[in-house]
Amino acid sequence: MTRAPKSRWRRRFGRSITAGRTAFTLVELLVVVAIIAILASLLLTGLGRAHQAGRLAKCRSNVRQLSVALQMYLGDCNFYPHASLMDASPPQFWTSFLVPYLSDSSFVLRGLQPDTAVRPGASTVFRCPSVRPAIHRSLGTIIDYGYNSMGHARQGLGVRVDTSVSPVRFSPVHESEVVVPSDTIALGDGMSRIKGFVMGGPTLERNVVMYSHEVLQGIEEQHQRSRRRHGDRVSVGFADGHVQVNGFQRLFYDETDSALRRWNRDYLPHRESLSMTP
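All values reported here derive from a predicted model rather than from experimental measurement.

Participant: With reference to specific residues and values, describe the nonpolar core.
Facilitator: Leu66, Leu70, Tyr80, Trp94 and Leu187 are the most contacted members of the largest nonpolar core, which totals 27 residues. Of all elements in the fold, only helix H2 (26-77), helix H3 (94-98), strand S5 (145-147) and strand S8 (185-189) reach the threshold of two or more residues within this core. Among residues more than four places away in sequence, those in contact with Leu187 are Val63, Leu66, Ser67, Leu70, Trp94, Gly146, Tyr147, Leu204, Ser235, Val236 and Gly237. Within the second largest apolar cluster, 11 residues are counted, among which are Val198, Phe238, Phe248 and Phe252.

Participant: Break down the side chain of Asn62 for me, citing the residues and quoting the values.
Facilitator: Topologically, Asn62 is positioned in helix H2. Look at Asn62 and you get buried, because its relative accessible area is 0%. A polar contact of 3.0 Å, which involves the side chain of Asn62, links it to the backbone oxygen of Arg127. If sequence neighbours within four positions are ignored, Asn62 has contacts with Thr124, Val125, Arg127, Pro129 and Tyr145.

Participant: Hey, could you go over unusual backbone geometry for me, with residue numbers and the actual values?
Facilitator: Positioned with a positive phi, Asn78 is a non-glycine residue whose angle comes to about 70°. By the element assignment, Asn78 lies in the loop between H2 and strand S3 (84-85). On the basis of relative accessible area, Asn78 is assigned to the partly exposed category, the value being 33%. Despite not being glycine, Asp232 shows a phi value in the positive range, around 65°. Relative to the assigned elements, Asp232 resides in the loop between helix H5 (219-228) and strand S12 (233-238). Owing to a relative accessible area of 32%, Asp232 belongs among the partly exposed residues under this scheme.

Participant: Describe the sheet that holds S8, naming the residues involved and giving the relevant values.
Facilitator: The strand order across the open sheet formed by four strands is S5-S8-S12-S13, and the pairing between neighbours is antiparallel. Edge positions in the open sheet fall to S5 and strand S13 (243-247), since each of these has one partner strand only. Here the average twist between neighbouring strands, direction ignored, is 30°. Both S12 and S13 contribute to a ladder of five bridges, which runs antiparallel. Bridge pairing links Gly237 to Val243 in S13.

Participant: Can you tell me about the pattern of salt bridges, naming the residues and giving the values?
Facilitator: By the definition in use, this model includes eight salt bridges. A salt bridge links Asp183 to Arg262; its shortest N-O distance comes to 3.4 Å. Highlighted residues: Asp183 in the loop between strand S7 (169-171) and S8 and Arg262 in the segment after helix H7 (257-261), separated in sequence by 79 residues. Taken individually, Asp183 and Arg262 each receive the classification buried, so the pair is uniform in this respect. In this structure, the salt-bridge partner of Glu221 is Arg225, at a minimum N-O distance of 2.9 Å. Here Glu221 and its partner Arg225 are both found in helix H5, four residues apart, which amounts to about one turn of the helix. We classify Glu221 as exposed; its relative accessible area is 52%. Salt bridges here are not isolated pairs; linked through shared partners, they connect Arg160, Glu177 and Arg265.

Participant: Account for the packing of aromatic side chains, naming residues and giving values.
Facilitator: In total, this model carries seven aromatic pairs according to the counting rule given. Summarising the aromatic geometry, the rings of Phe252 and Trp263 are spaced 6.2 Å apart at their centres and angled 45° between planes, so their arrangement reads as tilted. Remark: Trp263 occurs in the segment after H7 and Phe252 occurs in helix H6 (residues 248-253); sequence separation between them is 11 residues. By the burial criterion, Phe252 is buried, and Trp263 matches it. Following the ring pairs from residue to residue traces out a cluster consisting of Phe248, Phe252, Tyr253 and Trp263. The lysine or arginine in question, Arg229, covers the ring of Tyr145, its NZ or CZ lying 6.0 Å from the ring centre. One cation-aromatic arrangement involves Arg261 over Tyr267; the distance from NZ or CZ to the ring centre is 5.3 Å.

Here is what the cut-offs are and how they apply
Residues numbered from 1 in each chain as written. Predicted model: local features only at pLDDT ≥ 70, side-chain atom pairs only at ≥ 80, totals over all residues. Heavy atoms only, no water. Core = buried A, V, L, I, M, F, W, Y, C linked by side-chain atoms within 4.5 Å. Buried < 20%, exposed > 50% of the residue type's maximum accessible area, 1.4 Å probe, protein only. Helix = DSSP H or I, 4+ residues; strand = E, 2+ residues; numbered from the N terminus. Contact = heavy atoms within 4.5 Å. Polar contact = N/O pair within 3.5 Å; in protein donor to acceptor, adjacent residues only side chain to side chain. Pairing = 2+ DSSP bridges. Axes fitted to C-alpha atoms, helices over the stretch in contact; angles between N-to-C directions. Salt bridge = Lys/Arg side-chain N within 4 Å of Asp/Glu carboxyl O. Phe/Tyr/Trp six-rings, centres within 6.5 Å; stacked < 30°, edge-to-face > 60°. Lys NZ or Arg CZ within 6 Å of the ring centre and 35° of its normal.

Here is the structure:
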């Protein structure tokens with residue numbers, strides 16, 4: 001039996017066959033590597049989005065639990081929790097009033113009472129999965145969610161400020177004072193706008209007008225971190241208990257009446273307060 005000359009195989013298949021193995025050209029190898037790289041990048045992008053969506057879902061679940069606890073507190077007390085009572089011993093924060101209404105058993109195991117600040121490691125319900133835990137040193141707490149205490153024009157839920165008397169009187173807000181609970185912000189991702197930047201913390205405020213200069217250190221970096229938290233989205237719980245995911249821009253920078261009034265219990269935009277916004 002005669003064998004075809006190697007030159008004939010080269011002309012027919014464009015490559016030689018030696019010992020039963022096919023040799024790939026450099027171009028073919030580069031094409032394969034490029035295809036693998038593209039597929040890997042698409043897979044990693046998809047996984048990243050899936051992880052972010054999972055963290056947002058967990059965050060929204062946390063806000064939902066806090067909203068339910070707030071509704072239960074209102075059912076018992078008819079008033080919204082104080083934002084903070086620093087003169088109390090020990091100091092009380094808005095989270096302190098919701099502790100008894102949370103189902104997390106770690107609160108019971110650690111013996112925390114309503115007048116006790118939430119301590120580091122006490123519960124994951126106060127921790128957003130997209131935020132690295134940061135200790136709020138003034139209270140020794142770890143809180144990634146905030147309370148709409150002041151609103152856009154001192155019309156929030158955390159305190160009623162009566163300037164008609166001297167000294168100024170501070171009192172809790174009765175639930176009947178909230179005109180439209182279904183569109184009034186109650187709590188959510190802890191973020192506050194200061195001097196045009198949005199930084200993380202245990203409050204949820206559109207315009208902070210009183211602050212210390214120490215707060216401004218690294219504020220630009222904190223602003224970017226707040227935006228990356230959920231990809232320009234914010235988990236928000238409303239006064240009637242329902243939860244929404246709102247756009248970062250609309251929540252903190254939209255100056256339309258519909259965007260402003262949802263911060264205020266009287267459901268008025270209070271556009272006169274825009275001049276006070278840093």
